[in-house]
Amino acid sequence: MEHVAQTARLSAADVQARFDVLVSAAACGIVVTDAAGCVQLFNLMCERQFGHAAADIVGKNIATLLADPPPPEEILRSGTGDTVLPREMVGRRKDGSAFPILLSMGAGTLDGTSLFVGYIQDITAQKEAENAIREREERLRSVFETGPDAIIIIDEMGRIESLNAAAVWLFGYLENEVLGQNVKMLMPPPYRDRHDGYLSHYRTTAEKRVIGIGRVVMGLRRDGSTFPMELNIGEIQIGERRLFTGFIRDITEREGAARRLQDLQAELVHVSRLTAMGQMSSALAHELNQPLTAASNYVKAARRTLDQGVEQTRPKVQELLDKAAGQTLRAGQIIRRLRDFVEKREDNRAREDANNVMEEAIALAFVGASDSGVTVSTKFEENLPQVLIDKIQIQQVVLNLVRNALEAMAGRDRRELRLATAPEGGAFVRVSVSDTGPGLSEEVASKLFQPFVTTKSEGMGIGLSICRSIVEAHGGKMTATPNPDSGVTFSFQLPVARDGGEEAA
Ligand code: ADP
């Protein structure tokens, strides 16, 4: 009320002055036209925006301010009516240059004649920002689309949100066959069965098991074939939504895989050298201890014999025999020390999840064996206790067993690899690798774990003996049993890590 009263007291000249200030101080361009679009008012901001002096524009049609203007009626209708929708147009400056504007028209009447008021915003900066974002998006999209790695983006529930051309190609699906589906469809067991668990574990605990850590896992193509791949997972938080980006590289034949295998092989050589030494010394100890003990006994007996007669040779024989006995005992000591030394070899034991260790080893075993046509099935017991193992060594064992199984099944009709983990009596976790190969001949079976037993032209015959040494060094046993239908099951035990207690080295 006060406001109205005050305004009412103002003179016409005051009102005009206030109106002028209002219009010229407005932070947006204001242009007033009659019903035909003829400009009656052109404010200061408009002068700045268009580079025209108001005097040059007043009396001209509003269309002069636009590049490619639509008919004046249409311009005036922009944003009029019930819903005021600002309209994007292209303004034209006095110097002819064009710039993007947002025009909102308002309609009114003054003294019985229609008036149109246009509010003009220069949206050059906004457009530039939009373009920059679009450009960046396009650039990212082109990286996403044309990069060599397969990229799959999933939501928190594992549903595939998007995937790039490389992923489509790698897995052999059409894009619309996988969009919205659970990503586990691209994984063979055991990875498939465990994936939902990984996601829900992460949702509830935020404990990062795979994010930011590269892993080797198996992928499953549309045609049912599997391949080893290197998987790196990143996390994206968009507001409340969390997405995961998987970067996938097929490592079937890749350099990276070769390097990784080389690393493992170097480890294997190292391990085998140590285990060979271990084996050698154990064998030596076993072989030599008996005769040495016997020799020492014979010598002692000889000495006793001499005690009963042959007076003249006694002192000399006694002295020699004492020396001999001393030497044989010393030989025994040397062997014992050598064995102790080898048994105390470096061993990097840590608490591990047997299933995770298996998963990675299996994928590595398949490197270079992509078209093996083998179906892999697994029976991994969840909630296994952790095991205390040297992961690299145990992966060598699994890798060896899987490779042997694949080789045994090559060329056969039925090629099924079955892997399992299960708790065994509280102290152990049992791991088994089973195949549908021809099985073991009686001859091989009787000396299977001995070094240099092989039926392969290129075979060294040391794989299984090393495997057994590794397993035994872990306190377990390794066995091979024929399957009822066909093939062999190799199985071994891993020691369960005791609660709280660390290394039992
Ligand atoms: P290599 O593989 O170099 O021969 P290993 O010690 O690993 O050495 O294996 C010894 C032998 O045991 C093989 O040559 C093969 O005859 C036999 N063998 C191993 N695993 C299997 C299996 N899964 N099925 C049939 N035979 C096997």
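Residues numbered from 1 in each chain as written. Predicted model: local features only at pLDDT ≥ 70, side-chain atom pairs only at ≥ 80, totals over all residues. Heavy atoms only, no water.

1. A short note on the environment of Glu416
- If you trace the backbone, Glu416 turns up in strand β14 (residues 416-424).
- Residue Glu416 is classed as partly exposed on the basis of its relative accessible area, which comes to 26%.
- Considered as a pair, Glu416 and Ala405 are eleven residues apart in the sequence and their alpha carbons are 9.2 Å apart.
- If sequence neighbours within four positions are ignored, Glu416 has contacts with Thr375, Met409, Ser434, Asp435 and Thr436. (Helix = DSSP H or I, 4+ residues; strand = E, 2+ residues; numbered from the N terminus. Buried < 20%, exposed > 50% of the residue type's maximum accessible area, 1.4 Å probe, protein only. Contact = heavy atoms within 4.5 Å.)

2. Focus on the packing of helix α12 (residues 354-365) against helix α13 (residues 391-409)
- Close contact between α12 and α13 brings their axes to 8 Å; oriented N to C, the two are set at 45 degrees. Judged by the angle between their axes, α12 and α13 are oblique. Where α12 crosses over α13, the two elements pack in a sense that is right-handed. Along its contact with α12, which presents Val357, Met358, Glu360, Ala361, Leu364 and Ala365, the element α13 presents Lys391, Ile394, Gln395, Val398, Leu399, Val402, Arg403 and Leu406.
- Grouping the constituent residues of the contact of α12 with α13 by class yields ten nonpolar, one polar and three charged. (Axes fitted to C-alpha atoms, helices over the stretch in contact; angles between N-to-C directions. Parallel < 35°, antiparallel > 145°, perpendicular 65-115°, else oblique. Left-handed = near helix turned anticlockwise from the far one by under 90°. Nonpolar A, V, L, I, M, F, W, Y, C, P; charged D, E, K, R; others polar.)

3. Brief notes about the side chain of Gln395
- With respect to the helices and strands, Gln395 occurs in helix α13.
- Residue classification places Gln395 among the buried residues on the basis of a relative accessible area of 3%.
- The residues contacting Gln395, other than those within four sequence positions of it, are Val357, Glu360 and Ala361.

4. A look at the packing of helix α9 (residues 191-205) against α12
- Where α9 contacts α12, the axes come no closer than 12 Å and their chain directions differ by 135 degrees. One element, α9, and the other, α12, form an angle in the oblique class. Judged by the sense of rotation from one axis to the other, the crossing of α9 with α12 is left-handed. Residues Tyr191, Arg194 and Tyr198 of α9 touch α12, and the partners they reach there are Asn355, Asn356, Glu359, Ile362 and Ala363.
- In terms of residue class, the contact of α9 with α12 is made up of four nonpolar, two polar and two charged.

5. With respect to the sheet that holds strand β10 (residues 241-250)
- Here five strands make up an open sheet; going across it, the order is β7-β6-β10-β9-β8 and the pairing antiparallel. Two strands close off the open sheet at either side, each with one partner strand: β7 (160-163) and β8 (215-220). For this sheet, the mean inter-axis angle between neighbouring strands, taken without regard to orientation, is 35 degrees.
- The pairing of strand β6 (residues 150-155) with β7 spans three bridges and is antiparallel. Considered in β7, the bridge of Ile154 is made with Ile160. (Pairing = 2+ DSSP bridges.)

6. Focus on the site of the ligand
- Around the ligand, the surrounding shell holds 20 residues, and the nearest of these are Asp435, Thr454, Thr455, Lys456 and Leu464.
- One of the side-chain nitrogen or oxygen atoms of Asp435 is found 2.8 Å away from a nitrogen atom of the ligand.
- Starting from 530 Å² of accessible surface for the ligand in isolation, the protein chains cover 92%.
- Breaking the shell around the ligand down by element, the ones donating at least two residues are α13, α15 (463-473) and β17 (488-495).
- Of all the elements, α13 adds the most residues to the shell around the ligand, at three residues.
- Split into classes, the residues belonging to the shell around the ligand amount to eleven nonpolar, seven polar and two charged. (Near = heavy atom within 4 Å. Polar contact = N/O pair within 3.5 Å; in protein donor to acceptor, adjacent residues only side chain to side chain. Areas by Shrake-Rupley, 256 points an atom, 1.4 Å probe, with all protein chains shown as cover.)

7. A closer look at the pattern of salt bridges
- Inspection of the entire model under this criterion finds 20 salt bridges.
- Across the pair Lys127 and Glu130 runs a salt bridge, and its minimum N-O distance is 3.5 Å. Within this pair, Lys127 and its partner Glu130 are both found in helix α6 (residues 124-146), separated by three residues, close to a single helical turn.
- We note a salt bridge from Arg139 to Glu135, for which the minimum N-O separation is 3.3 Å. Note that Arg139 and Glu135 are positioned in helix α6 at a spacing of four residues, about one turn of the helix.
- According to the relative accessible area criterion, Glu135 is partly exposed, its value standing at 46%. (Salt bridge = Lys/Arg side-chain N within 4 Å of Asp/Glu carboxyl O.)

8. Quick notes on unusual backbone geometry
- Even without a glycine there, the phi angle at Asp68 is positive, about 45 degrees.
- Relative to the helices and strands, Asp68 resides in the loop between α4 (54-57) and α5 (72-77).
- Take Asp68: its relative accessible area is 76%, and that puts it in the exposed class.
- With a phi angle near 50 degrees, Asp111 is a residue other than glycine that sits in the positive phi range.
- Along the polypeptide, Asp111 turns up in the loop between β4 (98-110) and β5 (113-122).
- Judged by relative accessible area, which is 78%, Asp111 ranks as exposed.

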